[in-house]
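Structural description and commentary
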Amino acid sequence: MTNATYARRVTRHAYAKINLYLDILSRRADGFHDLLTVMHSLSLHDDVSVEIFPCGEKQISLRVYGARLPVDQKNLAYRAAEAFLAAIGQNARVHVNIRKKLPIAAGLAGGSSDAAATLRAIAELFGNPLSEDNMLALGAALGSDVPYCMVGGTQICRGRGELMQPLALSEPLYAVVATAHGERVSTPRAFAETDTYYNNFDGSVPHGADFDRLCRALADGTLGENADCLYNAFEPVVLPTCTGAADLRERMLALGAYAAHMSGSGPSVFGLFKTHDQTLDAARALGPFAYVATSAKL
Ligand code: C5P
């Protein structure tokens, strides 16, 4: 087994992402939607550790602590390990441990981030035998958000999300992230509902916000003054049915957030504040399911 003896276990953080901007541009012939989105990694994270052992066949096992989640092919992290072994054509026993802290099915890309961390960790254990392009292609085959989660930071993402362009950010963001108890959103269903809401993206329903101004504001540290540029096209579709999320958003604004939005297809909501102290106060006021976070990487 190539290089496998050098390190038997690698542990990585699997960071949450939020969408500072998320516009859905069109529905494609393959059923996916073309996006224009700005993804941003927050310090909230799961912990993923991967161990490999010499073995004459491909064996994968997964344990998840802190949440009830499938531990077989239904779990994206399992499929990530499987896809990597298939790509390098090697046998091994791979054990993946996930300590789950991120809310599930919440729009924070927790599952994608676990899969991304699994891919990075297993690749490291094998001595990084695949090119970066091949790694990102493996990620994209697993899920639309996986390539971004493999790279992280602040990225403009296009296509399904896999076409990335890094965005300079002059200072860290301070965020509170919260999910209303009992609310979950099915991403495919939320996308399907946007088709109806935006008249199949025929241009008759306006959407989007000032994307260029948002990018400039991120670069020059004036997001607070340009908060009207943050945008999420899912909000008018999802928030009317996720009243807990809508309420959290209003409460965050009332607590002094300069912007508060849903992340991804929801129902997690993030509020951005000027200082870390403000996030602590706001999270305390919102209750035990509100988390304080800052930018994971600039
Ligand atoms: O790629 P992923 O498996 O995460 O996507 C889940 C579902 O979300 C897809 O089956 C599709 O219905 C929808 N989706 C989409 N356009 C995207 C990303 C996801 O329509 N860009």
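An account of the accompanying structure is given in this report. Residue positions are given per chain, counted from 1 along the sequence in the order it is written. Per-residue local features are limited, in this predicted model, to residues with pLDDT of at least 70; the limit for side-chain atom pairs, both in listing and counting, is 80 or more; totals at the level of whole chains, interfaces and linings are taken over all residues. Each side-chain value is derived from all of the structure's non-hydrogen atoms; neither hydrogens nor water enter the calculation.

1. Digging into the packing of helix α1 (residues 76–88) against helix α3 (residues 132–142)
At a minimum axis separation of 10 Å, α1 and α3 run at an interaxial angle of 140 degrees. Overall, the two elements α1 and α3 adopt an arrangement that is oblique. Regarding α1 and α3, the two cross each other, and that crossing is right-handed. Residues Leu76, Arg79, Ala80, Ala83, Phe84 and Ala87 of α1 touch α3, and the partners they reach there are Met135, Leu138 and Leu142. A breakdown of the residues in the contact of α1 with α3 according to their chemical character gives eight nonpolar, no polar and one charged. Convention adopted: a line fitted to C-alpha atoms gives each axis, helices being fitted over their contacting stretch, and angles between N-to-C directions are expressed from 0 to 180 degrees. Think of it this way: any DSSP run of H or I at least four residues long counts as a helix, any run of E at least two long counts as a strand, and we number them from the N terminus. The labels follow the angle: roughly parallel below 35 degrees, roughly antiparallel above 145, roughly perpendicular from 65 to 115, and oblique for the rest. The sense of a crossing depends on the near helix, which, turned anticlockwise from the far helix by less than a right angle, makes the crossing left-handed and, turned clockwise, makes it right-handed. Contacts between residues were defined by any pair of non-hydrogen atoms, one from each residue, lying within 4.5 Å. Each residue receives one of three labels: charged for Asp, Glu, Lys and Arg, nonpolar for Ala, Val, Leu, Ile, Met, Phe, Trp, Tyr, Cys and Pro, and polar for the others, Gly being one of them.

2. A look at the nonpolar core
Leu20, Val38, Leu223 and Leu272 are the most contacted members of the largest nonpolar core, which totals 61 residues. Dropping the residues within four chain positions of it, Leu20 is found in contact with Val38, His40, Leu173, Leu214, Leu218, Leu230, Tyr231, Phe270 and Leu272. Judged by nonpolar contacts, the second largest core, of 41 residues, contains Tyr78, Ile98, Ala117 and Cys149. Here, nonpolar core refers to any group of buried Ala, Val, Leu, Ile, Met, Phe, Trp, Tyr and Cys residues whose side-chain atoms link them within 4.5 Å. Exposure classes here rest on a 1.4 Å probe applied to the protein chains alone. A residue is buried below 20% of its type maximum, exposed above 50%, and partly exposed in between.

3. Here's the deal with the sheet that holds strand β10 (residues 269–273)
Think of a sheet as strands paired side by side through backbone hydrogen bonds, with each pair either parallel or antiparallel. Read from one edge to the other, the open sheet built from four strands follows the order β9-β10-β7-β11, with strand pairing classed as antiparallel. Among the strands making up the open sheet, the edge pair consists of β9 (259–262) and β11 (290–294). Neighbouring strand axes in the sheet, compared pairwise and without regard to direction, differ in orientation by 25 degrees on average. At least two DSSP bridges between two strands are required for those strands to pair. In this structure, strand β7 (residues 174–178) lies alongside β11, joined through five bridges in antiparallel fashion. Residue Tyr174 lies in a different strand from β11, and its bridge partner there is Thr294. Packing against the sheet, helix α9 (residues 276–286) makes contact with β7, β10 and β11, and its axis sits at approximately 15 degrees to β7.

4. So, the packing of aromatic side chains
Centres within 6.5 Å are what make two rings of Phe, Tyr or Trp a pair, Trp counting through its six-membered ring; a difference in plane orientation under 30 degrees is then read as stacked, over 60 as edge-to-face, and the rest as tilted. This model, assessed by the stated rule, comprises six aromatic pairs. Ring centres of Tyr197 and Tyr198 lie 4.8 Å apart, and the angle between their planes is 80 degrees; on these two criteria the pair is classed as edge-to-face. Owing to a relative accessible area of 2%, Tyr198 belongs among the buried residues under this scheme. Between Tyr198 and Phe201 the ring centres are 5.5 Å apart and the planes differ by 20 degrees, which places this aromatic pair in the stacked class. Pairwise contacts between aromatic rings join Tyr21, Phe211 and Tyr231 into one cluster. The residue whose ring lies beneath Arg93 is Phe53, and the NZ or CZ to ring-centre distance is 4.3 Å. Look at NZ for Lys and CZ for Arg. If either is within 6 Å of the ring centre and within 35 degrees of the ring normal, a charge sits over the ring. Arg160 extends its terminal NZ or CZ atom over the ring of Phe32, reaching a point 4.4 Å from the ring centre.

5. Here we look at the pairing of strand β1 (residues 9–27)
In terms of strand pairing, β1 meets strand β2 (residues 33–53) through 17 bridges, oriented antiparallel. Within β2, the position partnered with Val10 by the bridge is Val50. Where β1 lies against strand β8 (residues 231–232), two bridges are found, and the strand directions are parallel. Across the sheet, residue Tyr21 finds its bridge partner in β8, namely Tyr231.

6. Section: the layout of surface pockets
Each cavity reported here is a set of points on a 1 Å grid over the protein atoms alone in which a 1.4 Å probe fits but cannot get out, each pocket an open set with protein on both sides within 12 Å along at least five of seven lines, and each lining residue one with an atom within 4 Å of a point. Grid points are joined across faces, edges and corners, and a volume is the space filled by probe spheres set on the points. As a volume, the largest pocket reaches approximately 1100 Å³. Together, 43 residues line the largest pocket, and Ala109, Ser112, Asp145, Thr187 and Pro188 are the ones closest to its centre. Elements with a minimum of two residues in the lining of the largest pocket: β1, β2, α1, α2 (110–125) and α5 (187–197). Tallying contributions element by element places α2 first for the lining of the largest pocket, with four residues. For the lining of the largest pocket, the per-class residue count stands at 21 nonpolar, 15 polar and seven charged. Taken as a whole, the second largest pocket spans an internal volume of roughly 380 Å³. What lines the second largest pocket is a set of 17 residues, among which Pro103, Ile104, Thr179, Arg184 and Phe289 lie closest to the centre.

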